[in-house]
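Structural characterization, general
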Amino acid sequence: PFTVKLARTGGAFEVPVGKSILAVLRDHGCNAASSCESGTCGTCRTGLLSGEADHRDMVLMPEEMESQIMICVSRARSAQLVLDL
Ligand code: FES
């Protein structure tokens, strides 16, 4: 498990094993856009302000991986991710 913190709207939520960041945000009423939910379309692209992501998508270029994350599939290597949401 890890925590996602929302920089703009506030709030910090735990993401349990087996549940996506996107699903956790939805549970808390955040209206995050998505489409494929399998890491291929790019719709759920979200700014990553801090923390180390465990990228599991097929969308991001290597140079984007520091600053963006696809929240339908990707997870965290650090205890916390701060998202630009
Ligand atoms: Fe398609 Fe996340 S919803 S990449």
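Here is a short report on the structure shown in this document. Since we're looking at a predicted model, the values are computed, not measured.

How each quantity is defined
Residues numbered from 1 in each chain as written. Predicted model: local features only at pLDDT ≥ 70, side-chain atom pairs only at ≥ 80, totals over all residues. Helix = DSSP H or I, 4+ residues; strand = E, 2+ residues; numbered from the N terminus. Rg over C-alpha atoms; globule rule 2.2 N^0.38 Å. Buried ≥ 20, exposed ≤ 12 C-beta atoms within 10 Å, placed from the backbone. Contact = placed C-beta atoms within 7 Å. Pairing = 2+ DSSP bridges. Axes fitted to C-alpha atoms, helices over the stretch in contact; angles between N-to-C directions.

**Describing the overall build of the chain**
On a plain count of helices and strands, the chain comes out with 1 helix and 7 strands. When the helices and strands of the chain are read in sequence order from the N terminus, they spell out β-β-α-β-β-β-β-β. Compactness check: the chain gives a C-alpha radius of gyration of 11 Å against a globular reference of 12 Å for 85 residues, within 12% of the reference. Seen through its principal axes, the chain has C-alpha atoms that stretch 30 × 25 × 25 Å. For the chain, with 85 residues in total, the buried portion stands at 27%. For the chain, the proportion of contacts with a sequence separation of at least 24, taken over those separated by at least 6, is 48%.

**Let's talk about the environment of Ile 21**
Mapping Ile 21 onto the fold places it in helix H1 (residues 21-27). Along the backbone, Ile 21 and Pro 1 are 20 residues apart, and their C-alpha atoms lie at a distance of 11 Å. Apart from residues lying up to four places away in sequence, Ile 21 is in contact with Val 4, Val 15 and Ile 71.

**What about the sheet that holds strand E2 (residues 12-15)?**
If you trace the 5 strands from one edge of the open sheet to the other, you get E2-E1-E7-E3-E5, paired in mixed fashion. Edge positions in the sheet fall to E2 and strand E5 (68-70), since each has one partner strand and no second. Adjacent strand axes in the sheet meet at a mean angle of 40° when their direction is disregarded.

**Comments concerning unusual backbone geometry**
Unusually for a residue other than glycine, Glu 37 sits at a positive phi of about 55°. On the secondary structure map, Glu 37 appears in the loop between H1 and strand E3 (45-50). Residue classification places Glu 37 among the partly exposed positions, given that 16 C-beta atoms sit within 10 Å.

Worth remembering: the numbers are spatial, not functional.
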